[in-house]
Amino acid sequence: MNTILETRDLHFVYGGNSPTAQTALNGINLTIREGEFLGLIGHTGSGKTTFVQHLNGLLTPISGQILYRGEDIHANGFKLRGLRFKVGLVFQYPEHQLFEETVARDIAFGPRNMGLSDAEVAERVRQAAAFVGLGDDVMDKSPFDLSGGQKRRAAIAGVIAMRPEVLILDEPTAGLDPYGAFQILSQIREFRDKSGSTVVLVTHNMETVARAADRLVVFSQGTVAMDGTPEQIFGQPERLEALGLDVPQVSKVFMKLRELGIDVETSVYTVKYAKNLVETLLREGGQVC
Amino acid sequence: MLKDISLGQYIPGTSVIHRMDPRLKIVLTLAYIVVLFMAKGPLSYGLVLLTLGLIIVLSRIGVRFVLRSVRPLLFIILFTAVLNMFHVDGDVLWSWWILKITRQGIETAIYMALRIAMLISGTFVLLNYTTSPIMLTDGIEQLLGPLKRIHVPVHELAMMMTIALRFIPTLIEETDKIMSAQKARGADFETGNVIRRAKALIPMLVPLFVSAFRRADELAVAMECRCYRGSEGRTRLRTLKLQGLDYVAIAIAAVLAAGIITLGVVLP
Ligand SMILES: Nc1ncnc2c1ncn2[C@@H]1O[C@H](COP(=O)(O)OP(=O)(O)OP(=O)(O)O)[C@@H](O)[C@H]1O
Ligand SMILES: [Mg+2]
């Protein structure tokens, strides 16, 4: 797979030379490959949000480089604004950015900034709304009259409508009900599968990330602490715990089973896989129960 | 970027200046300003400089911050100084066409620049850097207390000020966040003519106002839930009371003020 985004020794400090200066990134080296679904996890304050804001040039590192398809995005002559259409970033609580008179016009804000024709904009808005499951009936409403979950969808659609090559979502499911969160996540996956975009998902929810991501990166105090497939990461529960993180609940169940002397693998992290495993075990012999 | 505009620039600390009664600090700052304008000649200016130095050293905030307080006004200071330099009559040192520089002019310019710089840095150290906004409004409220008799809603005004100060950083942060979010969707705040730029602000202003009103609403409800009813019968958690430290400060300030006035007004 081709590398689409790469960071080299990224450092960032909030509050420059004030007495309250705070190091947020402390040398991040990361390569994001085209088409992958990357889950970014880490304890609160570990620098995830700061990091993703570097990827589309909203924040400028104090040292280090960000390369988009091999080009330094802070080099002279690089068009940052153009990059933002290719690297779409959905902020944490994106519903606070809604401003237009109607939902449709709000979703159209990004595509219109790209300078597309009206017909093209309308088509993209329609498609983005369909992706996030917003019906035609809400499109002409004021975004301020929607429910919290609908607002969130509208805001996500506003970024999807730009058809970014890389879609970055900062805790898109925070504060939603479990079913709503599940739905949004499925829609993001569907978007990925249909468009072939690269997705970076920042989240605190291990269940979510276990189900959706091909690769997990764990941040700790502004550095990359772990990087690997979900199996590799969730196979090291002690390390995760030391970094202030949890493993998915099913993994805990399997670890407990192992402690009880039952011979099961420990890197089980999705309910589906767990179900198959338990069924096989039960079929093989009654030693489990 | 917006973070660099600091309004309530309180620098937390435990120095003697930090611990002084805010009411006293307000009064002493006013006194400092009055005395500063009575200074005249090198000796009294020297003593004011000494006073300022003492305050800065005692407050234990770096000289860097003191200089930073003066920097935004550097242009005005220089402008006033230069204007004065050409304006004052006296022994001519240099002249060209209608312009002339006099010895007295240079002196006045130097004193003027010093005065403004000392005025700003002194006020900043005493009130901005070492007094938290809450303490400051507390102090103002109590100093203005007597006005309550003529039905000035002092407490309400102070409360409004406290809330406003408290929410300035929050709103700045919010503005930053919304701007970033809109930039991520390709909003362009930096280029184009005036009309274009004003239009470009709409995607930022609407969410900002919406959230400010939402916050105001939530805060009002939260205050009412805790039975806030204005100043009527309200007691305070921390009543301000002058401590030993404050009396020492008064004594030192009095001696210095007497010295400056003597050197500046009486002697020359
Ligand atoms: N606007 C800011 N000003 C000053 N410091 C900040 C700011 N934003 C974040 N920080 C600090 O930078 C560090 C990294 O913050 P960041 O928001 O990137 O963490 P995070 O991993 O996204 O956390 P969370 O999971 O809670 O969202 C933290 O220590 C935080 O206190
Ligand atoms: Mg975050």
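Residues numbered from 1 in each chain as written. Chains lettered and ligands numbered in written order. Predicted model: local features only at pLDDT ≥ 70, side-chain atom pairs only at ≥ 80, totals over all residues. Heavy atoms only, no water.

K.L.:
Before we move on, could you go through the sheet that holds strand β6 (residues 87-90) of chain A and cite the residues and values that matter?
P.N.:
Residues and elements named next belong to chain A. Across the sheet, six strands lie side by side as β6-β7-β8-β3-β9-β10; this open sheet has mixed pairing. Looking at which strands have only one partner, the edges of the open sheet turn out to be β6 and β10 (223-228). With direction set aside, neighbouring strand axes in the sheet form an average angle of 20°. The pairing of strand β3 (residues 37-42) with strand β8 (residues 198-202) spans four bridges and is parallel. Looking at the pairing, G39 lines up with L201 of β8. Of the strands in this sheet, β6 and β7 (166-170) are in contact with helix α6 (residues 148-160), which crosses β6 at around 170°. (Pairing = 2+ DSSP bridges. Helix = DSSP H or I, 4+ residues; strand = E, 2+ residues; numbered from the N terminus. Axes fitted to C-alpha atoms, helices over the stretch in contact; angles between N-to-C directions. Contact = heavy atoms within 4.5 Å.)

K.L.:
Please set out the pattern of salt bridges residue by residue, giving values where relevant.
P.N.:
All names here are of chain A. One pass over the structure, following the stated rule, counts 18 salt bridges over all chains. Close ionic contact of R69 with E165 constitutes a salt bridge, the shortest N to O distance being 2.8 Å. Placement of R69 in the loop between β4 (63-68) and β5 (71-72) and of E165 in the loop between α6 and β7 is noted, with a sequence separation of 96 residues between them. Residue E165 is classed as partly exposed on the basis of its relative accessible area, which comes to 29%. Note that E100 is salt-bridged to R105, the shortest N-O span being 3.4 Å. Exposure remark for E100: the relative accessible area of 14% places this residue in the buried category. (Salt bridge = Lys/Arg side-chain N within 4 Å of Asp/Glu carboxyl O. Buried < 20%, exposed > 50% of the residue type's maximum accessible area, 1.4 Å probe, protein only.)

K.L.:
Tell me about the nonpolar core, and please be specific about residues and values.
P.N.:
Counting residues in each nonpolar core, the largest one holds 51 residues, and the members touching the most others are I107 and F234 of chain A. The element best represented in this core is α6 of chain A, accounting for six residues. (Core = buried A, V, L, I, M, F, W, Y, C linked by side-chain atoms within 4.5 Å.)

K.L.:
Describe the interface of chain A and chain B, and please don't skip the residues or the numbers.
P.N.:
At the junction of the two partners, chain A supplies 22 residues and chain B supplies 21 residues. For the chain A and chain B pair, buried surface summed over both sides reaches about 1800 Å², with 62% attributable to carbon and sulfur atoms. Per-residue buried area on chain A facing chain B is highest for H96, Q97 and F99 of chain A; these three make up 28% of the total on that side. Measuring nitrogen to oxygen at the nearest pair gives 3.0 Å for the salt bridge that ties D106 of chain A to R185 of chain B. For the pair chain A and chain B, the interface holds four residue pairs in polar contact (both at pLDDT 80 or more). Examining the composition of the side of chain A that touches chain B, we find that four residues originate from one element, helix α3 (residues 103-113) of chain A, more than from any other. Tallied by class, the residues present in the side of chain A that touches chain B amount to eleven nonpolar, eight polar and three charged. (Buried area = accessible area lost by both parts, 1.4 Å probe. Polar contact = N/O pair within 3.5 Å; in protein donor to acceptor, adjacent residues only side chain to side chain. Nonpolar A, V, L, I, M, F, W, Y, C, P; charged D, E, K, R; others polar.)

K.L.:
Talk me through the state of the cysteines; I want residue IDs and the actual numbers.
P.N.:
Residue and element names in this part refer to chain B. Under the defined criterion, the tally for this structure stands at zero disulfides over all chains. Not part of a disulfide, C225 finds its nearest cysteine sulfur in C227, a span of 8.4 Å. Exposure remark for C225: the relative accessible area of 59% places this residue in the exposed category. The exposure class of C227 is exposed, given its relative accessible area of 58%. (Disulfide = S-S within 2.5 Å.)

K.L.:
I'd like a description of α3 of chain A, backed by residues and values.
P.N.:
Buried within α3 of chain A we find V103, D106, I107, A108, F109, G110 and P111 of chain A. Buried residues along α3 of chain A sit in contact with α2 (80-86), α4 (118-131), α5 (136-139) and α6 of chain A together with α8 (154-184) and α10 (202-225) of chain B. Among the residues trailing α3 of chain A, G115 of chain A stands out with phi positive, at a value near 80°.

K.L.:
Can you lay out the pairing of strand β1 (residues 92-96) of chain B for me, pointing to particular residues and giving the numbers?
P.N.:
All names here are of chain B. Across the five residues of β1, zero count as buried, placing the element largely on the outside. Direction of pairing for β1 relative to strand β2 (residues 99-102): antiparallel, over a ladder of four bridges. Across the sheet, residue S95 finds its bridge partner in β2, namely K100. Connecting β1 to the antiparallel partner β2 that follows it, the hairpin turn spans two residues, and W97 within it adopts a positive phi of roughly 55°.

K.L.:
If you had to explain the domain arrangement of chain B to someone new, which residues and values would you point to?
P.N.:
Accessible area lost upon the coming together of the parts serves often as the stated size of an interface. Residues and elements named next belong to chain B. When cut into domains, chain B gives domain 1 (1-130 + 240-268) and domain 2 (132-234). With centres defined by C-alpha atoms, the gap from domain 1 to domain 2 works out at 31 Å. Contact residues are listed per partner, giving 13 residues for domain 1 and 16 residues for domain 2. Between domain 1 and domain 2, roughly 1300 Å² of surface is buried when both sides are summed, and carbon and sulfur atoms account for 76% of that area. Taken together, domain 1 and domain 2 are joined by zero residue pairs in polar contact (both at pLDDT 80 or more). (Domains from an automatic or database assignment.)

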